[in-house]
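# Remarks on the overall topology
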Amino acid sequence: MKCLLSAVESGDPTNGRSTLILKASPGCVVPWHFHTAEEQLTIISGNVVAEMTGHPTTTLGPGGFAAMAGGMAHQFTCQDTACLMFVTFDRAYDIFWGKGG
């Protein structure tokens, strides 16, 4: 995904718990997907529209937090300025595209 950059902040995404730093350009959409792991998202800067199955659409600004259980489909859209976020997974990272969670 060209509009999203990532770096591992801690842990090892291939083997267990990890935290990633993500930077999304304005207008970047991370389309519907889900993970086996629980995901926790914390916004550092920018505004992110978070959509999760079974929850109302929410805009998260700096300090905003969202937690998605394993298998919960979600998508994110970075709004009009670049978005910087921490994303933490409680086990090895995987991703499945679509709403099939």
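The preceding data block contains the structure.
In this report, we go over the structure that sits alongside the text. Everything numeric in this text was worked out from a predicted model, so none of it was measured.

Definitions and cut-offs
Residues numbered from 1 in each chain as written. Predicted model: local features only at pLDDT ≥ 70, side-chain atom pairs only at ≥ 80, totals over all residues. Heavy atoms only, no water. Pairing = 2+ DSSP bridges. Helix = DSSP H or I, 4+ residues; strand = E, 2+ residues; numbered from the N terminus. Disulfide = S-S within 2.5 Å. Buried < 20%, exposed > 50% of the residue type's maximum accessible area, 1.4 Å probe, protein only. Core = buried A, V, L, I, M, F, W, Y, C linked by side-chain atoms within 4.5 Å. Contact = heavy atoms within 4.5 Å.

## Digging into the sheet that holds strand S6 (residues 58-60)
- What the five strands build is an open sheet, ordered S6-S5-S8-S3-S10; its pairing is antiparallel. The open sheet has two edge strands, S6 and strand S10 (96-97), and neither has a second partner.
- Relative to strand S8 (residues 74-78), strand S3 (residues 29-34) runs antiparallel, the two sharing three bridges. Looking at the pairing, Val30 lines up with Phe76 of S8.

## Focus on the state of the cysteines
- Scanning the entire structure with this criterion turns up two disulfides.
- Each sulfur of the disulfide joining Cys3 and Cys28 lies 2.0 Å from the other. Because the sign of the S-S torsion sets the handedness, a value of about 55° for the bond joining Cys3 and Cys28 places this disulfide among the right-handed ones. A residue pair is termed long-range when its members are at least 10 positions apart, and Cys3 in the segment before strand S1 (4-11) and Cys28 in the loop between strand S2 (18-24) and S3 qualify at 25 residues.
- Among the residues examined, Cys3 registers a relative accessible area of 23% and is labelled partly exposed.
- A residue is classified by how much of its surface remains accessible, and Cys28, at 2% relative accessible area, is buried.
- Bridging Cys78 to Cys83, the disulfide has an S-S length of 2.2 Å. Across the S-S bond linking Cys78 and Cys83, the dihedral sits near 95°, which makes this disulfide right-handed.
- Accessibility expressed as a relative area gives 3% for Cys78, which makes it buried.

## Let's talk about the nonpolar core
- Within the largest apolar cluster, 20 residues are counted, with the highest numbers of intra-cluster contacts made by Leu41, Met68 and Met85.
- If one sorts the elements of this core by residue count, strand S9 (residues 83-89) sits on top with four residues.
- With near-sequence residues (within four places) excluded, Met85 lies in contact with Leu20, Ile21, Leu22, Ala24, Leu41, Thr42, Ile43, Ile44 and Val48.

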